[in-house]
Amino acid sequence: MTDRSAKYKKGSLSLIATVAMGTGVMIGAGIFALTGQVAELAGGLFPAAFIIAAIISGFSAYSYIKVAGAYPSAGGIAMILKKAYGPSTVTGAASLLMALSMVINESLVARTFGAYTLRLFPGEAADFWVPVLAVGLIAVAFAVNVAGNKVIGTVSNVSAVLKIGGLLVFAAIAVAASGVDLQIQPWPPSGDPTAPDFIGAIALAILAFKGFTTITNSGDEIVEPEKNIGRAIVISLAICLVVYLAVCFAVASSLSLEELIRAKDYALAEAARPAIGGYGTTFTVIIAIIATASGLLASVFAVSRMLAMLTDMNLIPHSHFGMPGDIQKHTLVYTVVIAAALAALFDLSRIASMGAIFYLVMDMAIHWGVLRHLRGEVEASAPVLVTAIVLDALALAAFLFVKGSSDPLIVGVSLSGIAVVFAFERLFLRRVRGQGSEDGHAHQHGENHDS
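Scoring rules and cut-offs
- Residues numbered from 1 in each chain as written.
- Predicted model: local features only at pLDDT ≥ 70, side-chain atom pairs only at ≥ 80, totals over all residues.
- Heavy atoms only, no water.
- Salt bridge = Lys/Arg side-chain N within 4 Å of Asp/Glu carboxyl O.
- Helix = DSSP H or I, 4+ residues; strand = E, 2+ residues; numbered from the N terminus.
- Buried < 20%, exposed > 50% of the residue type's maximum accessible area, 1.4 Å probe, protein only.
- Core = buried A, V, L, I, M, F, W, Y, C linked by side-chain atoms within 4.5 Å.
- Contact = heavy atoms within 4.5 Å.
- Axes fitted to C-alpha atoms, helices over the stretch in contact; angles between N-to-C directions.
- Parallel < 35°, antiparallel > 145°, perpendicular 65-115°, else oblique.
- Left-handed = near helix turned anticlockwise from the far one by under 90°.
- Nonpolar A, V, L, I, M, F, W, Y, C, P; charged D, E, K, R; others polar.
- Expected span 1.5 Å × (residues − 1).
- Bend = angle between axes of the 7 residues up to and from the residue.
- Patch = residues over 30% accessible without salt bridge, like charges linked within 9 Å, V, L, I, M, F, W, Y side chains within 5 Å.
- Areas by Shrake-Rupley, 256 points an atom, 1.4 Å probe, with all protein chains shown as cover.
- Phe/Tyr/Trp six-rings, centres within 6.5 Å; stacked < 30°, edge-to-face > 60°.

All right, on to the pattern of salt bridges then. Taken as a whole and assessed by the stated rule, the structure comprises one salt bridge. The partner of Asp-407 in a salt bridge is Arg-350, with the nearest N and O atoms 2.9 Å apart. Of this pair, Asp-407 sits in the loop between α15 (382–406) and α16 (408–434) while Arg-350 is found in helix α14 (residues 348–378), placing the two residues 57 residues apart along the sequence. Asp-407 gets classed as buried once you look at its relative accessible area, which sits at 13%.

Set out below in structure tokens:
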């Protein structure tokens, strides 16, 4: 019988590679995909929305750093939940919500890649080619992930330097060309956003920073994880905030709010046009392609390992469907298939909304579990954990209110999805325990693959 269990290469990711992976996910999903989306809600306050989102993410990171530093493990979020709640419905469902939010993030990044790439070839076929390009990028990310950690680390390192440097160059050029006078006024804010709209924008902006969880999921694949998990998360958040603010300032100096919202799916490419014309657009599109491609690559790397961990923990069902290889390879296939389907079916705004809702629900479950069950064990501060829960709850409530008014369908789909995940997990665990799964089998096998 072939050993199909997931295998993790301890110490295969350096601190630099880990930071590159974390920033890769954040910048790929964040500034390119979400600048226009956040500005649509927050108006002239959109840079402030990113700042507050970074602060909330810092509070959120506290729980992950404390537990993952004490118990580093591949698929770390699932490990944190299991430490807090045991092999329960909450553990399985919240872990699946995190995995789904990451897969949703992949489809968001992939569609952003398509939207920016088409700025090089404007034409009538844009609506058709965005999902085609998105699915193509997901297929490439699958191929690179199959090649292994060393290839992923090398690609992440190179792309991180290129896109961070490229975005800072873009910001400098845009500001130099447009001057320091802002077309989008922060105060009184352009667009006159309401309080719920602004808080909803913060919830959306949190997606631009949630990539730090990718670092947690890599666990003991990181060199000296007890020290470097926390270091990598803090460094990644700081780098991304600096880059985001530079880009926000450049965009606000180049475009009016109406122009930014109109071009929200490719906002940075449009912001480069006033500075240096077509060359600016081309330069920004190239940086966007690098950023989104590397962001997708890092996200696929993390979520496939998280799903493998859930399978090994016997919290989700698994079938090989006749595929060769171990569980990691199979979960990689499942990840890219789901991401490709979402990228083909949903637009950027709805994808981002679903990701924000799923992530905030899961994040609150993490903090509550650490507060109730692990606080003494990992020496965590109760006030910090309570603050993280309150901030998440406020952001989620405001976002649901705003989206419930403008797009009730996506709110209904998201909340129904959460209910389905919890119901599915409860039924699965009841069935497994009824079959006496305590014998240690990691997952449910298909009928023919082990013969």
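With a phi angle near 60°, Glu-379 is a residue other than glycine that sits in the positive phi range. Mapped onto the elements of the fold, Glu-379 is located in the loop between α14 and α15. Taking the relative accessible area as the measure of exposure, Glu-379 reaches 64% and is therefore exposed.

Ranked by size, the top nonpolar core spans 137 residues in total, and within it Ile-31, Phe-32, Val-38, Phe-46, Phe-50, Phe-209 and Leu-268 carry the most contacts. The contact partners of Phe-50, leaving out residues within four places of it in the chain, are Ile-31, Leu-34, Thr-35, Val-38, Ala-205, Ala-208, Phe-209, Leu-241, Tyr-244 and Cys-248.

To continue, consider the packing of α14 against α15. At a minimum axis distance of 9 Å, the contact between α14 and α15 shows a crossing angle of 155°. Relative to α15, the element α14 lies roughly antiparallel. Like other packed secondary-structure pairs, α14 and α15 cross with a definite hand, here left-handed. Here the contact of α14 with α15 is composed, by residue class, of 18 nonpolar, three polar and four charged.

Mapped onto the secondary structure, Ala-250 falls in helix α10 (residues 225–254). Distance from Ala-250 to Ile-173, taken between C-alpha atoms, is 8.3 Å for residues 77 residues apart in sequence. Apart from residues no more than four positions distant in its own chain, Ala-250 is found in contact with Phe-170, Ala-171, Ala-174 and Val-175.

Time to look at helix α3 (residues 46–70). Spanning 25 residues, α3 covers 36 Å between terminal C-alpha atoms, matching the ideal 36 Å at 1.5 Å per step. Most pronounced at Ala-61, the bend in α3 amounts to some 25°.

Once that is clear, we can look at the packing of α3 against α14. It is the contact of α3 with α14, at a shortest axis distance of 10 Å, that shows an interaxial angle of 50°. Between α3 and α14, the interaxial angle falls into the category oblique. In this structure, α3 crosses over α14, and the sense of that crossing is left-handed. Between α3 and α14, the contacting residues are Phe-59, Ser-60, Ser-63, Tyr-64, Lys-66, Val-67 and Ala-70 on the first element and Tyr-359, Met-362, Asp-363, Ile-366, His-367, Val-370, Leu-374 and Val-378 on the second. Along the lines of polarity and charge, the residues of the contact of α3 with α14 split into 10 nonpolar, three polar and two charged.

The residue Pro-131 is located in helix α6 (residues 126–146) in this model. Separated by 212 residues in the primary sequence, Pro-131 and Ala-343 place their C-alpha atoms 5.9 Å from one another. Residues within four places of Pro-131 in sequence aside, it is in contact with Arg-111, Ala-343 and Ala-344.

A few words on a nonpolar patch on the surface. On the surface, Ile-51, Ile-52 and Ile-55 cluster together into a nonpolar patch covering about 230 Å² of accessible area. For Ile-55, the position within the fold is in helix α3. Judged by its relative accessible area of 49%, Ile-55 is partly exposed.

Take the packing of aromatic side chains next. Evaluated as defined, the whole model comprises four aromatic pairs. When the centroid spacing of 5.1 Å and the interplanar angle of 65° are considered together, the rings of Phe-209 and Tyr-244 count as edge-to-face. Of this pair, Phe-209 sits in the loop between α8 (195–206) and α9 (212–218) while Tyr-244 sits in helix α10; the two residues are 35 residues apart in sequence, bridging distant segments of the chain. Taken as a pair, Phe-209 and Tyr-244 share a single burial class, namely buried. Their ring planes at 10° and their centres at 6.4 Å tell us that Phe-424 and Phe-428 sit as a pair that is stacked. Pair noted here: Phe-424 and Phe-428 are both in helix α16, with a separation of four residues, about one helical turn.

Honestly, that's just the spatial picture; any functional story needs more than this.
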